[in-house]
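In case you want the letters, here they are:
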Amino acid sequence: MLRKAVGLAAAAALTGGAAVAALVVWPVGRTPDPIPPEGNVERGAYLARASGCIACHTDFEKGGAPLAGGAPLKTDFGVFYPPNLTSDKVHGIGDWSREDFAKAIRQGVSPEGEPYYPTFTYPFYANFTDQDIADLYAAFTTVPPVAEETPEHEVSFPFDQRWGLKLWRASFLERPLTDPDPGRSELWNRGKELVNGAAHCGACHTGRNFAGARVSEARFEGSDSLPGGRKSPSIRARDLRERGWTVSNLAYALQTGLTPEGDAFGGSMAEVVQNGTSFLRQEDLTAMATYLLEAEAVDTAMSGAADPAPEATVVD
């Protein structure tokens, strides 16, 4: 009987080991179609600002060069360091092709085929068009190279095992709700595209589950577990209106960081405004405010259940 039990345990261990080995070599992502070389630097720089690239990938506190690597993000899973995005060919992305760039931005997969941690907000960029990618790529090629290596993430076992992210993606990866609603105005749809896509407002203003994935049912309801122990308030339409926000004063706050009471945004929201939304055109700020204040309940369900095969749904 003992021999049989030992045999079954050994078989289970071998089966489990085979499953892990298969998961480790299981490829994620897919090769993007060729990205057009005609990128617009000015439009790409604007999209990079809207997407928060500078705010996240620059260590302002230590006087770091723009996009040379961000300040540490302290989370429940460890400390993550946003990478160097300058044109340096060794420490940055200077040797990336347009297709490498597209795969990273829209699929969250490195040129080497490794999945990125979801501290990178790639799920919000999945619907960027080929032209968006071409424009962003053109803009990033103009960033002066900085030969500065990004520190390794300080993540303990089992979160340091990147193959586990493949399970995370299969369970929780969702497409952003950026598709236009034909029953809504052009302004509202532009706001929807920005809020749910480039500006990735839900990344900070939505609670997370045990695995660090956004809770779809709690979209925009605020979060008590932001990096560094910070919190964010609800930005659901009814809550914004109850706190006295209007389209005009919300658009103004996104531009200046000043609230209707004369107070100023603090923490990470101050950084978002200073390095991101303050550079946006007035019509885009108004569009974002319009969408946030008029979003209906039907638009709070994110994209429904997590897709079991996210790589098949990422637009590329």
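For the structure, check the block above.
A short tour of the structure in this document, coming up. (Residues numbered from 1 in each chain as written. Predicted model: local features only at pLDDT ≥ 70, side-chain atom pairs only at ≥ 80, totals over all residues. Heavy atoms only, no water.)

## Looking at the packing of aromatic side chains
1) Next: Tallying each qualifying case throughout the model produces twelve aromatic pairs.
2) Next: Lying over the aromatic face of tryptophan 188, arginine 184 brings its terminal NZ or CZ to 4.5 Å of the ring centre. (Phe/Tyr/Trp six-rings, centres within 6.5 Å; stacked < 30°, edge-to-face > 60°. Lys NZ or Arg CZ within 6 Å of the ring centre and 35° of its normal.)

## Regarding the pattern of salt bridges
1) Next: The final tally for this structure, using the stated rule, is ten salt bridges.
2) Next: Across the pair aspartate 135 and arginine 43 runs a salt bridge, and its minimum N-O distance is 2.6 Å. Of this pair, aspartate 135 sits in helix α5 (residues 130-140) while arginine 43 sits in helix α2 (residues 41-50), and the two are 92 residues apart along the sequence.
3) Next: Across the pair glutamate 294 and arginine 184 runs a salt bridge, and its minimum N-O distance is 3.9 Å. Of the two residues, glutamate 294 sits in helix α11 (residues 282-294) while arginine 184 sits in the loop between α6 (164-172) and α7 (186-198), which places them 110 residues apart along the sequence.
4) Next: Take glutamate 294: its relative accessible area is 38%, and that puts it in the partly exposed class.
5) Next: One network of salt bridges, in which partners are shared, links Arg190, Glu193, Arg281, Glu283 and Asp284. (Salt bridge = Lys/Arg side-chain N within 4 Å of Asp/Glu carboxyl O. Helix = DSSP H or I, 4+ residues; strand = E, 2+ residues; numbered from the N terminus. Buried < 20%, exposed > 50% of the residue type's maximum accessible area, 1.4 Å probe, protein only.)

## Description of the side chain of serine 87
1) Next: As for its position among the elements, serine 87 is in the loop between β2 (78-80) and α4 (98-107).
2) Next: Assessed through its relative accessible area of 19%, serine 87 is described here as buried.
3) Next: For serine 87, the side chain forms a polar contact with the main-chain oxygen of valine 143, separated by 2.5 Å.
4) Next: In contact with serine 87, other than residues within four places in its own chain, are Gly94, Phe140, Thr141, Val143, Pro144 and Pro145. (Polar contact = N/O pair within 3.5 Å; in protein donor to acceptor, adjacent residues only side chain to side chain. Contact = heavy atoms within 4.5 Å.)

## Regarding the layout of surface pockets
1) Next: One number sums up the size of the second largest pocket: a volume of about 350 Å³.
2) Next: Around the second largest pocket, the lining is made up of 18 residues, and of these Arg43, Leu47, Asp132, Arg190 and Glu193 lie nearest the centre.
3) Next: For the lining of the second largest pocket, the elements supplying multiple residues, two or more each, are α2 and α7.
4) Next: Each residue belonging to the lining of the second largest pocket can be placed in one class, and the counts come to seven nonpolar, five polar and six charged. (1 Å grid on protein atoms, 1.4 Å probe; cavity = no way out; pocket = protein on both sides within 12 Å on 5 of 7 lines; lining within 4 Å. Points joined across faces, edges and corners; volume = space filled by probe spheres on them. Nonpolar A, V, L, I, M, F, W, Y, C, P; charged D, E, K, R; others polar.)

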